[in-house]
Amino acid sequence: MSGGVLQGKALSSRTRHHLLNNYATSLIYACSTVKLGFPHASYSERELRLALDEADVDLAAMFSRRRPVNGISAGKIAGIIAFRLSRFKIVHIDEDGQNQPLIYLIQDLAAIFAVQFLLLRTKIPELQVLEIAYQLSRRHANQETLGLVFDTIINKPV
Amino acid sequence: MPNLALIANDPVERAKSVERMNGPLYSREKINFNHGIRTPEELEALVCQEPFIPDNLEAIGSLLEKITAE
């Protein structure tokens, strides 16, 4: 903690740049998935930034606990980042978009796509993408369990 | 594992018990999965590759549409 602001050190400036740039792509795919026109969606730069800051603190704590012998699996890192991306108030839908009943899944789909594209780097079956998004959006989810789910997806039997 | 009656009535046994617990006899189990990313630099190397875009994104939308229509 410094000056009242939590600071991590696990996400380098370059890592953050790629995560932020990729988030916009993920949000575009999420809107397409629920058939919502892009003009109806906006994202809070502040909340997105703060979500990454929070994930950074989580990751820095895990790195310091496990180093130098143990690492953190890509799935666990994805779980932490996806959880934070789902919890901060990032995505906002305008009044005309409120008639689309599936908009509640957009931010969670964007969170899943964001970590899938850059960290998991593997295909997730369609039904499981929707189930994880629903779980994140409407039921209980946490970083640890999400991480285990993502690890299982990465390490699925060939 | 000392019996409580012994500890309650014998300060020497109690002191021995405290010494055992406070010493190296019992130590935290270390679970060593020994996998994964160890440094921010390794994380950066993974994240900064070309994004993986799966080929079933449209199928997710179609399935969602089908599920909601049912």
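Being a predicted model, the structure only gives us computed values, none of them experimental.

### Examining the overall build of chain B
In step 1: Each helix and strand in chain B was counted, giving four helices and zero strands.
In step 2: Overall, chain B shows an N-to-C arrangement of helices and strands of α-α-α-α.
In step 3: Against the compact-globule benchmark of 11 Å for 70 residues, chain B has a radius of gyration of 29 Å, which places it well outside the compact range.
In step 4: Viewed in the frame of its principal axes, chain B has a C-alpha envelope of about 75 × 40 × 15 Å.

### Concerning the interface of chain A and chain B
In step 1: Taken residue by residue, the interface counts 33 residues in chain A and 25 residues in chain B.
In step 2: When contributions to the side of chain A that touches chain B are tallied by element, the ones reaching two or more residues are helix 1 (13-33), helix 3 (74-87), helix 4 (106-120) and helix 5 (126-138) of chain A.
In step 3: At eight residues, the largest contribution of residues to the side of chain A that touches chain B is made by helix 1 of chain A.
In step 4: Partitioning the side of chain A that touches chain B into residue classes produces 16 nonpolar, 10 polar and seven charged.

### A word on the nonpolar core
In step 1: Grouped together as the largest cluster of nonpolar side chains are 57 residues, with contacts concentrated most on Ile77(A), Ala110(A) and Val115(A).
In step 2: Of all the secondary-structure elements, those providing two or more residues to this core are helix 1, helix 2 (45-66), helix 3, helix 4, helix 5 and helix 6 (143-154) of chain A together with helix 3 (40-47) and helix 4 (57-69) of chain B.
In step 3: Not counting residues within four places of it along the chain, the set of residues in contact with Ala110(A) comprises Tyr23(A), Ser26(A), Leu27(A), Ala30(A) and Val91(A).

Rules of the game
- Residues numbered from 1 in each chain as written.
- Chains lettered and ligands numbered in written order.
- Predicted model: local features only at pLDDT ≥ 70, side-chain atom pairs only at ≥ 80, totals over all residues.
- Helix = DSSP H or I, 4+ residues; strand = E, 2+ residues; numbered from the N terminus.
- Rg over C-alpha atoms; globule rule 2.2 N^0.38 Å.
- Contact = placed C-beta atoms within 7 Å.
- Nonpolar A, V, L, I, M, F, W, Y, C, P; charged D, E, K, R; others polar.
- Core = buried A, V, L, I, M, F, W, Y, C linked by C-beta atoms within 7 Å.
- Buried ≥ 20, exposed ≤ 12 C-beta atoms within 10 Å, placed from the backbone.

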